[in-house]
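Reading the structure
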Amino acid sequence: MSTDLKNLHQWLMSERPESRRQAALGRAYAGWRTFARNRLALVGLAIVALLVLMALFANQLAPYDPSVGDLRTTRLLEPSSAHWMGTDDQGRDILSRIIHGSRITLFVVVLVAVLAAPIGLLVGTVAGYRGGMIDAVLMRVTDIFLAFPRLILALAFVAALGPGIENAVLAIALTSWPPYARMARAETLTIRQADYIAAVQLVGASHSRIVLRHIMPLCLPSVIVRVTLDMAGIILTAAGLGFLGLGAQPPMPEWGAMIAAGRQYVLDQWWVAAGPGLAIFIVSLAFNLLGDGLRDTLDPKSNK
């Protein structure tokens, strides 16, 4: 078995791959080896994986219904063997609400990444490649968005669109794309001077094909790293909107709204706000650790 693994390792790490498949698998394997050397990144990956599993199997993992409580017998109970993280002011089990709230957190993170990253990548690459007036207009629009703090701008959008988790996701996405555009533009300014871009232009490739097929893929790794690092900020922004009552609406178990509900009990029944606050802290830290590992793996300047 060890001989087979050794042969597989040599096949993956070959400096002269015999096929595109071997080359792609070799790059993935080398990237994983670089990522695995960062122990903290593995911890972050493990926590994010647990978050995903918790969201997928929330119905099976949660010991109680997250929306149903008993005001007569289970209101504001401290942590115990029956309720590991206590209960809230409505008699609902906090652990069950945190588990189900992981679905909302992943929903926000994934949708914001899917919406904001492509917008920023497209704006940045087009601005960097075309230059001139197009670059000036797109970057001035980007500067307008960057001039406002993300949470304040998100509050303005949610106030215009109305409270709700869908509008909160849209507002966060509309305020998250400018940093990706800046990063993609900076890389495009360097890439467009490369010899292979000039060769593609000589064979008659259109501007859209050059941007979509040759420039965007080279900018994508940096954008992925930035998105991963920004996920902690996305979670905090969503929690801030929920805390202010503009995100997920009751009785949805959104972590920021749970902290808002427990702030009046923070001195005597501290567990009401401490549970969701701890969940936000752990998940935000995990995404930061994961982003650091991906930066070491995907950044060609860090590879030896």
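Quick look at the overall build of the protein chain
- Counting its secondary structure elements, the protein chain contains 12 helices and zero strands.
- For the protein chain, the spread of C-alpha atoms along the three principal axes comes to 75 × 60 × 25 Å.
- Residue pairs in contact within the protein chain that sit at least 24 positions apart in sequence constitute 69% of those at least 6 positions apart.
- Accessible area for the protein chain stands at about 16600 Å²; split by element, carbon and sulfur atoms hold 64% of it.

Considerations on helix α5 (residues 94-130)
- Along its 37 residues, α5 runs 53 Å from first to last C-alpha, staying within 8% of the 54 Å computed at 1.5 Å per residue.
- A bend of about 25 degrees at His100 is the largest found in α5.
- Where α5 begins, one side-chain oxygen reaches toward the backbone nitrogen of Leu95, 3.5 Å away; that side chain belongs to Asp93.

As for the confidence of the model for the protein chain
- When pLDDT is averaged along the protein chain, the result is 89; 97% of the residues meet or exceed 70.
- Ranking the elements of the protein chain by mean pLDDT puts helix α1 (residues 2-12) last with 74 and helix α3 (residues 39-56) first with 95.

Some words on the nonpolar core
- By size, the foremost hydrophobic cluster in this structure holds 61 residues, and its most contacted members are Val108, Val112, Ile172, Ile215, Val227, Trp255 and Phe287.
- With 14 residues, α5 is the largest single contributor of residues to this core.
- Those residues in contact with Phe287, other than ones at most four positions away along the chain, are Val48, Leu51, Val109, Thr228, Met231, Ala232 and Ile235.

Remarks on the environment of Leu51
- For Leu51, the position within the fold is in helix α3.
- Look at Leu51 and you get buried, because its relative accessible area is 4%.
- If near-sequence neighbours (up to four positions away) are discounted, Leu51 is found in contact with Ser102, Leu106, Trp255, Val283 and Phe287.

What about empty space enclosed by the protein?
- Using the criterion set out here, one finds one cavity of 30 Å³ or more in the structure.
- Of the pockets and cavities examined, the largest cavity occupies roughly 110 Å³.
- What lines the largest cavity is a set of 14 residues, and nearest its centre among them are Val108, Ile235, Ala238, Ala239 and Glu254.
- Where the lining of the largest cavity is concerned, the elements lending two or more residues are α5, α8 (165-191) and α10 (207-243).
- In the lining of the largest cavity, the residues fall into 10 nonpolar, three polar and one charged.

Rules used in this analysis
- Residues numbered from 1 in each chain as written.
- Predicted model: local features only at pLDDT ≥ 70, side-chain atom pairs only at ≥ 80, totals over all residues.
- Heavy atoms only, no water.
- Helix = DSSP H or I, 4+ residues; strand = E, 2+ residues; numbered from the N terminus.
- Contact = heavy atoms within 4.5 Å.
- Areas by Shrake-Rupley, 256 points an atom, 1.4 Å probe, with all protein chains shown as cover.
- Expected span 1.5 Å × (residues − 1).
- Bend = angle between axes of the 7 residues up to and from the residue.
- Polar contact = N/O pair within 3.5 Å; in protein donor to acceptor, adjacent residues only side chain to side chain.
- pLDDT = per-residue confidence, 0-100.
- Core = buried A, V, L, I, M, F, W, Y, C linked by side-chain atoms within 4.5 Å.
- Buried < 20%, exposed > 50% of the residue type's maximum accessible area, 1.4 Å probe, protein only.
- 1 Å grid on protein atoms, 1.4 Å probe; cavity = no way out; pocket = protein on both sides within 12 Å on 5 of 7 lines; lining within 4 Å.
- Points joined across faces, edges and corners; volume = space filled by probe spheres on them.
- Nonpolar A, V, L, I, M, F, W, Y, C, P; charged D, E, K, R; others polar.

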